[in-house]
Amino acid sequence: MRLMLLSSVDPSPTEMSVEPWASPQDQAAAELAHTTRTPPSEDQEQHPDKLCLDSFWSEVETIRQGSGYTDLDCTRRDSRQSEEGEQEEQWLADAGLSNLISEDSEDVDNVVLLSTLTRTQAAAVQRRLDSYTLSLRKRNKPPPRDVRDIFNSPITQTLLPDSQHSEDLAKDSMASVAKTPLSAMAPEHQRGAPKEEFFITDVAYCEQAVILLKQAKLPQNNALCRKEDGTLPRVICPKCRLGVTRIQDLSHSDMKKVRQLALIDMTALCDLLELEVKRHKTGKRKIPESTLFGVPLGSLLETDQKTKPSTSIPLFLQALLSFLEKKGVDSEGILRVPGSQSRIKLLQQHLETTFYSGHFSWDEVSPNDAAALLKKFIRELPAPLLTAEYLNTFSAVRDITELKQKLHMLNLLILLLPEPNRNTLKALLEFLSKVVSREKRNRMNLWAVATIMAPNLFLHKAVPSRLTEGAEKGHAEKAADVMRLLIRYQDLLWTIPNFLMSQVRKLNENSNRRYQFYDRRIKNLLRKISTDSREKPDKNSLEPRRTVKIQVGDLVSGTMEFQLNINSRASDLLAQFHRQFLRSPDNGKGKMRRNGSVVYPDCALYEVGGNIGEHCLDPDTHLLDLYNSNPAGEWFIKMKPNGSRGL
């Protein structure tokens, strides 16, 4: 398979600095602390303590009773597994490769996406095609074309980089992973140092897994097995010169491509780790006649956006979380202590009838009742918050041994969630993180919160689950382990890895060039025209200038010039904009507050066009690197969108 294009092709992944990803506090000490509990017999229990495990199964029983059904095991059939061949067909469609099984598709339609894949990612695509072909043969239908035939076509040879050169680039990009011996990745506490993990995103996660698996087979590494002690390390992510890209920073069109590429990389990673995950489809279920509980997230948002267009999570959930943050985070045993079932039922009925009219008051609501409503809202969604398609994959993360690979899988899964689900999950995790940060008052540490919340996210009557089977302690610990990773590392998980950004840029470049290569006889001429016509950095000029367009609502419009140098960052350009346009004595645009202070528009620098759709830039982005990476892109200063709860 002649394809290998990693993020090293992009000049951006030069390591700039190494910074830890922020968390509410260092939870490692909290997880090992001797938390005082009552009665005394439960005092000084270490992770995972008996109280947490008892709470886990108590929560499972509450879900069983409150939801009106008694079996949560794998015998449920509210959802179904796809028929033979149907899963592969749906997978190819979700990955943007449905043209591979279409009889009337052109080579150029297929190769644009395939040309961005690494070798391991392409092998995963081939396996899905082979499986689909086998199912067609069983049904006596003609098979689709082989991927290898597509890559041997003339058009493909034009779009694909030279094979040997591509492989050399891949080796260079993976050197930072390969040169680290497995012994250096062993738990830090075994060597007497604080536990730390380096999280590399320049190399495709599946390619990193290939290297780690090869190293694990070496004789000197056979005895090195990770022994989890219950603590979570500080994760350190080298920051590339193009900065961090968060999910909300990209346009919808580019996020669609991110999801396609993330699905391919996640599938390749599952293959390497031998995780057999079956996707499910939610069966048709009658939607209850209610306005809040049991209503699909999309429907809730559609209703809410009529009154508040910028909202990204349901207004009811915003109100509920806001109340809990004010009144509940300091309440001892919050989330664990059950509320009154009779009060909760009346409270739910009252909310259903009065919430949207604005007549509901939270003043008399008990924090424990509100916490119970939160869990009830999540588990009564018609489809799982983690979706029927990926709920079992989220659950399977608990069977992965290496922490970094768990985080790799979770990062890709978060990218695959639909936007309403992803935003709602983030709001929930932010609240849970605040609960953990107040542990000294509420006696709820990270493990306790994760243990309580895990059944509410990982058990759903629409999807069969094996969570409640087998050894209780083992399953409870593993489910809670995934939950605590989501809570602790949420900031990291809501970013787009550098290798996916590089693949999206390459995909956009190939899409823009696709029609130039139909006639091989004029291929070189067209390539020369294309190369000459594109704006390129002037290599003779060490400090080029860029014209930045300004579109700050009704306040400011126009352009400004900015001189680039090797140290120029997006924050420097924005600072010049503030001095020149917003805070100048002649044409200041700030608004005066009652206390006499001045507030200015919250602006950001955007990269638009070229090999990206629209990209809100990290203030730490090195602009000369960005200029070299996307010379055809334009730069705009715009106001940041007013998303709810910072999403």
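Keep in mind that what you see is a predicted model, and the values were worked out from it rather than measured.

Visitor: What's the story with the overall build of the protein chain in this structure? I'm lost.
Guide: Secondary structure assignment for the protein chain yields 26 helices and 12 strands. Per-residue burial over the protein chain gives 54% buried out of 647 residues. Sequence-distant contacts in the protein chain: of pairs separated by 6 or more residues, those separated by 24 or more amount to 79%. Of the roughly 29,700 Å² of accessible surface on the protein chain, a fraction of 48% belongs to carbon and sulfur atoms.

Visitor: What should I look at first to understand the environment of alanine 632 in this one?
Guide: Tracing the sequence through the fold places alanine 632 in the loop between helix 26 (623-629) and strand 12 (634-639). Alanine 632 gets classed as partly exposed once you look at its relative accessible area, which sits at 41%. With 24 residues separating them along the chain, alanine 632 and valine 608 place their C-alpha atoms 9.0 Å apart.

Visitor: Just to check I follow, could you spell out the nonpolar core for this structure?
Guide: When a protein is soluble and globular, its nonpolar side chains tend to lie buried together. Ranked by size, the top nonpolar core spans 126 residues in total, and within it Leu335, Phe394, Leu432 and Met483 carry the most contacts. In terms of residues, this core owes the most to one element, helix 11 (residues 252-273), which gives 11 residues. Contacts of leucine 335, omitting those with residues within four sequence positions, involve Ala371, Lys375, Phe431, Leu432, Val435, Met444, Val449, Ile452 and Met453.

Visitor: What's the story with helix 5 (residues 119-138) in this structure? I'm lost.
Guide: Since the α-helix packs 3.6 residues into each turn, any two residues three or four apart lie on the same face. Its 20 residues place the ends of helix 5 29 Å apart at the C-alpha level, agreeing with the 28 Å of an ideal helix rising 1.5 Å per residue. Looking at helix 5, one finds that the buried residues are Thr120, Gln121, Ala122, Ala124, Val125, Gln126, Arg128, Leu129, Tyr132, Thr133, Ser135 and Leu136.

Visitor: Is there a simple way to explain the sheet that holds strand 7 (residues 556-563) in this structure?
Guide: What links the strands of a sheet is backbone hydrogen bonding, and the strands pair in either a parallel or an antiparallel sense. Pairing in this open sheet of five strands is mixed, and the strands run 7-6-12-10-11 from one edge to the other. Two strands close off the open sheet at either side, each with one partner strand: strand 7 and strand 11 (612-616). The average angle at which neighbouring strand axes cross in this sheet is 25 degrees, direction not considered. Against the sheet, helix 23 (residues 498-513) engages strand 10 (603-609) and strand 11, with an angle of about 145 degrees to strand 11.

Visitor: I keep staring at the confidence of the model for the protein chain and nothing clicks. Help me out?
Guide: Caution applies to low-pLDDT regions: their predicted coordinates should not be interpreted in detail. For the protein chain, per-residue confidence averages 77 on the pLDDT scale, and residues scoring 70 or more make up 66% of the total. Ignoring residues within four places in sequence, the model shows residues 222-227, a span with pLDDT below 50, making 13 contacts including any to other chains. Between residues 517-523, whose pLDDT stays under 50, and residues either more than four places distant or in other chains, the model counts eight contacts.

Visitor: Teacher, can you tell me more about the packing of aromatic side chains here?
Guide: In this description, a pair of aromatic rings is defined by centroid distance and the angle of the planes. All chains considered together, the criterion is met by 10 aromatic pairs. Seen from their ring centres, tyrosine 205 and phenylalanine 499 are 5.0 Å apart, and the 70 degrees between their planes marks the pair as edge-to-face. Taken together, the positions of tyrosine 205 in helix 10 (residues 205-216) and phenylalanine 499 in helix 23 put the pair 294 residues apart, joining distant regions of the chain. Sitting over the face of the ring of tyrosine 606, lysine 638 holds its NZ or CZ atom 5.4 Å from the ring centroid.

Visitor: Whenever I open this one, helix 11 confuses me. Can you help?
Guide: Compared with an ideal rise of 1.5 Å per residue, which puts 22 residues at 32 Å, helix 11 spans 31 Å between its outermost C-alpha atoms and is within 8% of the ideal. Positive phi shows up at glutamate 274, right after helix 11, with a value of about 60 degrees.

Visitor: In this structure, what is going on with the packing of helix 10 against helix 11? I would like to understand it.
Guide: Packing of helix 10 against helix 11 brings their axes to within 8 Å, and their N-to-C directions diverge by 20 degrees. By the angle between their axes, helix 10 is roughly parallel relative to helix 11. Crossing of helix 10 against helix 11: the hand is left-handed. Of helix 11, the residues touching helix 10 (which contributes Tyr205, Cys206, Ala209, Val210 and Leu213) are Asp265, Ala268, Leu269 and Leu272. Looking at the contact of helix 10 with helix 11 residue by residue, the class counts come to eight nonpolar, no polar and one charged.

Visitor: What's the story with the environment of isoleucine 414 in this structure? I'm lost.
Guide: Assignment of secondary structure puts isoleucine 414 in helix 17 (residues 403-416). Residue class for isoleucine 414 comes out buried when judged on its relative accessible area of 0%. Once the C-alpha coordinates of isoleucine 414 and leucine 386 are considered, the two residues, 28 residues apart in sequence, prove to be 8.7 Å apart. Apart from residues no more than four positions distant in its own chain, isoleucine 414 is found in contact with Ile247, Phe394, Arg422, Leu425, Leu486, Leu493 and Trp494.

Visitor: Can you walk me through the environment of leucine 416 in this structure?
Guide: Mapped onto the fold, leucine 416 is located in helix 17. If we skip the residues at most four places from it in the chain, leucine 416 touches Arg259, Ala262, Leu263, Met266 and Tyr390.

Visitor: For this particular structure, what's the right way to read the pattern of salt bridges?
Guide: Between side chains of opposite charge, a pair can form as their charged atoms come close. What the rule picks out here adds up to 23 salt bridges. Between arginine 234 and glutamate 196 there is a salt bridge, with the nearest N and O atoms lying 2.3 Å from each other. Residue arginine 234 is found in strand 4 (residues 234-240), and its partner glutamate 196 is found in strand 3 (residues 196-198); the two are separated by 38 residues along the sequence. Judged by its relative accessible area of 26%, glutamate 196 falls in the partly exposed class. The shortest N-O distance in the salt bridge between glutamate 614 and lysine 638 comes to 2.9 Å. Taken together, the positions of glutamate 614 in strand 11 and lysine 638 in strand 12 put the pair 24 residues apart, joining distant regions of the chain.

Reading guide: rules and limits
Residues numbered from 1 in each chain as written. Predicted model: local features only at pLDDT ≥ 70, side-chain atom pairs only at ≥ 80, totals over all residues. Heavy atoms only, no water. Helix = DSSP H or I, 4+ residues; strand = E, 2+ residues; numbered from the N terminus. Buried < 20%, exposed > 50% of the residue type's maximum accessible area, 1.4 Å probe, protein only. Contact = heavy atoms within 4.5 Å. Areas by Shrake-Rupley, 256 points an atom, 1.4 Å probe, with all protein chains shown as cover. Core = buried A, V, L, I, M, F, W, Y, C linked by side-chain atoms within 4.5 Å. Expected span 1.5 Å × (residues − 1). Pairing = 2+ DSSP bridges. Axes fitted to C-alpha atoms, helices over the stretch in contact; angles between N-to-C directions. pLDDT = per-residue confidence, 0-100. Phe/Tyr/Trp six-rings, centres within 6.5 Å; stacked < 30°, edge-to-face > 60°. Lys NZ or Arg CZ within 6 Å of the ring centre and 35° of its normal. Parallel < 35°, antiparallel > 145°, perpendicular 65-115°, else oblique. Left-handed = near helix turned anticlockwise from the far one by under 90°. Nonpolar A, V, L, I, M, F, W, Y, C, P; charged D, E, K, R; others polar. Salt bridge = Lys/Arg side-chain N within 4 Å of Asp/Glu carboxyl O.

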